[in-house]
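# Chain and residue survey
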Amino acid sequence: MSDTGNGAPEATPGVRLTAEEKAAKFAELAQRIRGMQPEDAAASAARAGAARAEASMAEAPESEPAVPAEQAAPPVPAPAAPAAPAAPSTPVLRPAEPSADVLQRTVAVLSAGGAPVELAAAAVAAFGDGAAERLREDPWAVLGLPGVRPEHADHFARGLLGASVGPDDPRRAQALVVWVLEQAALRGHSAQELSEVAAGLERLRMPEPAAAIEEALADGRVLPFQEELTGAEAHASAAGDGDEDEPPTRTLLALETLAMAEVSLAEKLLQLMASFVPGEDGGEQAGDEPSAESESESEPEGPAETAPVSPAPAAWEAAAEAAPSSSATALIRAVAGSALVLHTGGEAARAEPAALLAAATGLGLRAWAATWTDQGKASFATLGEAGSPVVTLAELLSGTAGPGRAADGTLAMDLLIVLDAPLLDVELAATVLESLADGTRLVLSGDPGQLWSAGPGRFFADLLAAKVCPAVASRTPDFGPIGELVSGVGIGELQPVEAPDKEVVILTAKDGGEAVHRAVQLLTDSIPRALGIPAEQVVLLTPGHGGPAGTRALNAAAKARLNPGPGRFGGFDPGDRVVESPAPGVVRPARVVDGDAAGLHLEYPDGSRRTVPPAEAGRLRHGWALTVHQALGRRWPAAVVVVPEDAAPALSRQWVYTAFGRGERHLSVVHAAGPALVQAVAERPAQPRTTRLRAILAENAVDAG
C-alpha cells in the first residue's frame, strides 16, 4: 500500500464501487433506517454503551490539551472534541496523576506507531489505565485525542499494524464516521444528513462510505433517524421525487451523546409543561399564615421537600398591573399561566425579566435569574433592588451560589429566569432542565438576532420555531444611534444613522494592514482622547484569529503600543490584557500580574486572583482583540469592529448584529470588506445548523395528544 494525498491507505485497485453502486447502497441503507422504530436506535445505543462500559474502565475526566510534537503527517490545528455538558466557567476537576507505569506503556505504544509521545497524558486521561491496550487494539482511537486528524491516525495505524491495515478496516470506518460528525458538531450541527456524512467520508478516501456508516451504527456511537420534512424543504423534495403518496423525509445521523441530549431536552420540556399546576383563586395566597392543622398534617418525616409556590391568578394580575411597562406586564401574565415562557428582546428589554423577578419574589416565589457571564450578572443586578437573586449559570449549576439543591437533587426554586438563552447548546440546556423539579416555572430570555451557542444545536431558536409555549416579544427598543443601527441590521438593512456625539463612526480601510493600524489608533488614542473612554474599556472585535486583521495581528499591534515587552512568561508580560477559555464558548477576561515557575498570576475584573500553571497556558490569549464569538454575553463602553477584506465567508446578519451590539456608548467600524458586509446583512440571516429538537418536540406533542 502507498500513501494517498491525505495520508489514508490506498485502496486495492479494482475494488472501488461505481457511482451507481454507491447510490444503490445508500438507498438501501436509507430504506433500512426508514424501517427502524425510534426505540430501536435507543435500545441499540444502550446495548452498545453497556458493552463498551463492560469492556473498558470508566472514562477519566477530560485532560488539558497536549501539544503534539512534530508529526510525520502535515500538522493541522484541530479543534477540541465536543465537551460534555458543562456550565460556563465551571471549575474543571483535575484527574489524578497517572502512574509512571501506565504512562510508560502508553508512550511505548505511541512511539511504536510513530505518534508524538506528548499525547500519552491525554490518552490516559481519555482511556484510563488501559490506554496502551486500547490504542494497540484500535489504533484509530487516537483520533479522539487533541490535535489528531485522520491522516495522523492513518499514519499511526500503519506504524502499528503494518501491511495488514486497509482503508476499509471496520475500526477506521467507525472512527472516521464519528470524526465527521464531531467536526459537524464543532460547526453547530447536532445531526447531519446521511448524504453529507457520506460526502465527508468520500473526502477522506473511504472506499465504501455506506459500509462505514453501517459499522458506526452497529457500534452504537452513531444513531440514525428518519425525519419528515415540512415547509419549503418538503415541497422541494416532493418535486424531486415525484412520489406524492409518501411524505418526504430525510435521513439524519447523530452522535449518541447529542442525540440523547436532544431527546432528553425535549422530554423534560414537555414534562415541565405537563406537570405544571397554576394557582387558583380562593386558595392560600402568598404571605398567608398556614393553619396549625395544616402544619401538623404536612410535617415531613424525612428531609423536607417544598412544593412549588403557586400564587392565585388575582395575585399575579395585581403584580402584572403594577409592572413598569406593557411588555413587563405581558411577561408576568404569561408566567402566571404557563410553566415555560420565551421572552425576546434586546439589551433594554432585560428590564422586563428584572421586573418579573421582583414581582415573583414579592409573591413569595423562590425566584432566581441566571446570566451567562459575571458582567451580565452585575449589569442585570443593577436593574433590580439591592440583593436581587441573580447568579451566573455556572454558579447556579455548580452550587457555589444560588438556592442550593433540594433533597431530590433538583434546584430549590419555584421560578428560574435564564438570560442569554440563545447561548445554551443542547447539552447544557438539557443539564439545566434536568436540574428543575416538576412544577417549576422556567423563563428563557434572549435576543434571537444574536449568534447562537458555541456548542451544537440552536436550542432557543428551535423552541421559538416549535411554538410549544407562550412567547413574549418585547416592545422596548434599544435607544440611541447604536440601538437604531443594530435594529436596522436585525431586519436586513445597513443604513447610516445620525450620531451627533460620535456614538457611531464608520471608517474604511484598503486592506487588513491598514485596518489594524486604524483600529489600534482608535483603541489607544482617538477614543480615549475624544470620548474619555480609557483603552482598558475598549475592545477590538474581528471574525477570526488568523489573517492580516485577525486577533493575533490586532493583539500584537495593541501590545506593541500599550504594553511592549519580550513576553518573558510564555509570551506574556505583567500588565498584558488576556482572556482565558476554560471551555468552548466560555471566555474570562483578566490581566497578567506577574509570572514565575508556578505559572501566570492573573487578576480578574472582580478583584479575584488565580495562578494558571504552565500546562494550562495554552488556553490563554491576549485580550485586547477578541472574536465576536468570544465576546458573547459581554458589552464594553466602546467597541471597535474590524471587518477585513477576507472576512466575507464568516459574515452573516447574525454576526454583524452581535458585533455592532457589543458597544454601550460608542461603536467604531473599520471596514475593508467592500460590498460583502452589506450583502451579508441583506442576504445571509444566519449560518444554517442541522438540529432535531424541533422535530422531536413536534413528534412528542403529537404522541401526548
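Residues numbered from 1 in each chain as written. Predicted model: local features only at pLDDT ≥ 70, side-chain atom pairs only at ≥ 80, totals over all residues. Heavy atoms only, no water.

### Things to note about the overall build of the protein
Here is the rule we go by: Only DSSP runs of H or I reaching four residues or more are called helices, and only runs of E reaching two or more are called strands; each is numbered from the N terminus. Whether a residue is buried, partly exposed or exposed follows from its accessible area with a 1.4 Å probe, protein chains only, as a fraction of its type maximum: under 20%, in between, or over 50%, in that order. Only heavy atoms enter the contact rule, under which two residues are in contact if any of them lie within 4.5 Å. Each accessible area is a Shrake-Rupley estimate made with a 1.4 Å probe; only the visible protein chains count as cover when residues are assessed.
Counting its secondary structure elements, the protein contains 25 helices and 19 strands. Per-residue burial for the protein yields a buried fraction of 49% across its 705 residues. Long-range pairs, those at least 24 residues apart, make up 73% of the contacts in the protein with a sequence separation of at least 6. For the protein, the exposed area adds up to about 31,500 Å²; of that, 53% sits on carbon and sulfur atoms.

### Thoughts on the pairing of strand 5 (residues 367-371)
To be explicit about the condition: Pairs of strands are assigned from DSSP output, requiring at least two bridges between the strands. Looking down the strands as they point away from you, a crossover is right-handed if its path from the first strand over the helix to the second goes clockwise.
Counting buried positions over the five residues of strand 5 gives five, a clear majority of the element. Neither face of strand 5 is open: one carries A367, A369 and T371, the other W368 and A370, and all of them are buried. The pairing of strand 5 with strand 6 (residues 390-392) spans three bridges and is parallel. By the bridge assignment for strand 6, T371 is matched with T392. Taken together, strand 5, helix 16 (residues 374-381) and strand 6 form a β-α-β motif whose crossover is right-handed.

### Re the nonpolar core
Rules: Among the buried residues, those of types Ala, Val, Leu, Ile, Met, Phe, Trp, Tyr and Cys that are joined through side-chain atoms within 4.5 Å form a nonpolar core.
The biggest cluster of nonpolar side chains holds 113 residues, and the ones touching the most others in it are L444 and F660. With nine residues, helix 7 (residues 170-186) is the largest single contributor of residues to this core. Beyond its immediate sequence surroundings of up to four residues, L444 is in contact with L340, V341, L342, H343, V418, A421, F459, F460 and L463. Counting 29 residues, the second largest nonpolar core, distinct from the first, contains A315, A320, L363 and F380.

### Re the side chain of D462
Examined against the element boundaries, D462 turns out to sit in helix 19 (residues 459-466). A relative accessible area of 3% means that D462 is categorised as buried.

### A short note on the sheet that holds strand 7 (residues 415-418)
Formally: Helix axes use the C-alpha atoms of the stretch in contact, all axes being lines fitted to C-alpha atoms, and the angles between their N-to-C directions lie in the range 0 to 180 degrees.
Taken in spatial order, the six strands line up as 6-5-7-8-4-9 in an open sheet, and their pairing is parallel. Edge positions in the open sheet fall to strand 6 and strand 9 (471-473), since each of these has one partner strand only. Between one strand axis and the next, the sheet turns through 20° on average, direction left out of account.

### What about the packing of helix 3 (residues 100-112) against helix 4 (residues 120-127)?
Counted only if it meets this: Note on terminology: angles under 35 degrees are roughly parallel, angles over 145 are roughly antiparallel, angles of 65 to 115 are roughly perpendicular, and the others are oblique. In this scheme the crossing of two helices becomes right-handed for a clockwise turn of the near helix relative to the far one and left-handed for an anticlockwise turn of less than a right angle.
Where helix 3 contacts helix 4, the axes come no closer than 9 Å and their chain directions differ by 115°. Put simply, helix 3 runs roughly perpendicular to helix 4. You can see that helix 3 and helix 4 cross each other, and the crossing is right-handed. Within the contact between the two elements, helix 3 uses V102, L103, T106, V107 and L110 and helix 4 uses A120, A121, A123 and V124.

### Topic: the packing of helix 11 (residues 256-274) against helix 18 (residues 426-434)
Keep this limit in mind: Side-chain classes are defined by residue name, with Ala, Val, Leu, Ile, Met, Phe, Trp, Tyr, Cys and Pro counting as nonpolar, Asp, Glu, Lys and Arg as charged, and the others, Gly among them, as polar.
At a closest axis distance of 9 Å, the pairing of helix 11 and helix 18 adopts a crossing angle of 40°. Crossing of helix 11 over helix 18 shows left-handed handedness. Residues T257, L258, A261, E262, S264, L265, K268, L269 and L272 of helix 11 pack against V426, E427, A429, A430, L433 and E434 of helix 18. The class makeup of the residues in the contact of helix 11 with helix 18 is nine nonpolar, two polar and four charged.

### Focus on the confidence of the model for the protein
Put simply, the rule is: Looking at any residue, its pLDDT shows the predictor's confidence there, from 0 to 100.
Averaged over the protein, the pLDDT score is 84; the fraction of residues at 70 or greater is 80%. Scored below 50 in pLDDT, residues 1-15 shows 37 contacts in the model against residues more than four places distant or in partner chains.

### Brief notes about the environment of P116
Relative to the helices and strands, P116 resides in the loop between helix 3 and helix 4. Accessibility expressed as a relative area gives 8% for P116, which makes it buried. Between the alpha carbons of P116 and F156 there is a distance of 9.7 Å; along the sequence they are 40 residues apart.

### A look at the environment of A499
Checked against the element boundaries, A499 lands in the loop between helix 20 (480-490) and strand 10 (504-508). Note on A499: relative accessible area 21%, which makes it partly exposed. With 17 residues separating them in the primary sequence, A499 and I482 have C-alpha atoms 8.6 Å apart. If we ignore the near neighbours within four places in the chain, the residues touching A499 are P481 and V504.

### With respect to unusual backbone geometry
Non-glycine residue R205 carries a positive phi angle of around 60°. Take R205: it is sitting in the loop between helix 8 (194-203) and helix 9 (209-219). Since its relative accessible area comes to 35%, R205 is described here as partly exposed. One non-glycine residue, D420, lies in positive phi territory at about 55°. The buried category is assigned to D420, whose relative accessible area is 14%.

### Focus on helix 6 (residues 150-161)
Basically, it comes down to this: Here, expected helix span is obtained from the residue count minus one, scaled by 1.5 Å.
In a regular helix each residue adds 1.5 Å, so twelve residues correspond to 16 Å; helix 6 covers 16 Å between its end C-alpha atoms and thus fits that length. All of the buried residues in helix 6 are P150, E151, H152, A153, D154, F156, A157 and R158. Positive backbone phi, at 65°, marks G162, one or two positions downstream of helix 6.

### Some remarks on the pairing of strand 11 (residues 538-542)
Most of strand 11 is tucked away: five of the five residues are buried. Of the two faces of strand 11, both are covered, the one formed by V538, L540 and T542 as well as the one formed by V539 and L541. Pairing analysis gives four bridges linking strand 11 to strand 18 (residues 636-643), with the strands arranged parallel. Of the residues in strand 18, the one forming a bridge with L540 is V640. In this sheet, strand 17 (residues 625-627) lies alongside strand 11 in parallel orientation, the contact comprising three bridges. Considered in strand 17, the bridge of L541 is made with L626.

### A word on the sheet that holds strand 1 (residues 192-193)
With antiparallel pairing, three strands are arranged side by side in an open sheet as 1-3-2. Every interior strand has two partners, whereas the edge strands, strand 1 and strand 2 (222-228), have only one. Across the sheet, helix 7 is in contact with strand 1, strand 2 and strand 3 (249-255); its angle to strand 3 comes to roughly 95°.

### A look at the side chain of H666
You can see H666 is positioned in strand 19 (residues 663-671). Using a relative accessible area of 3% as the deciding quantity, one classes H666 as buried.

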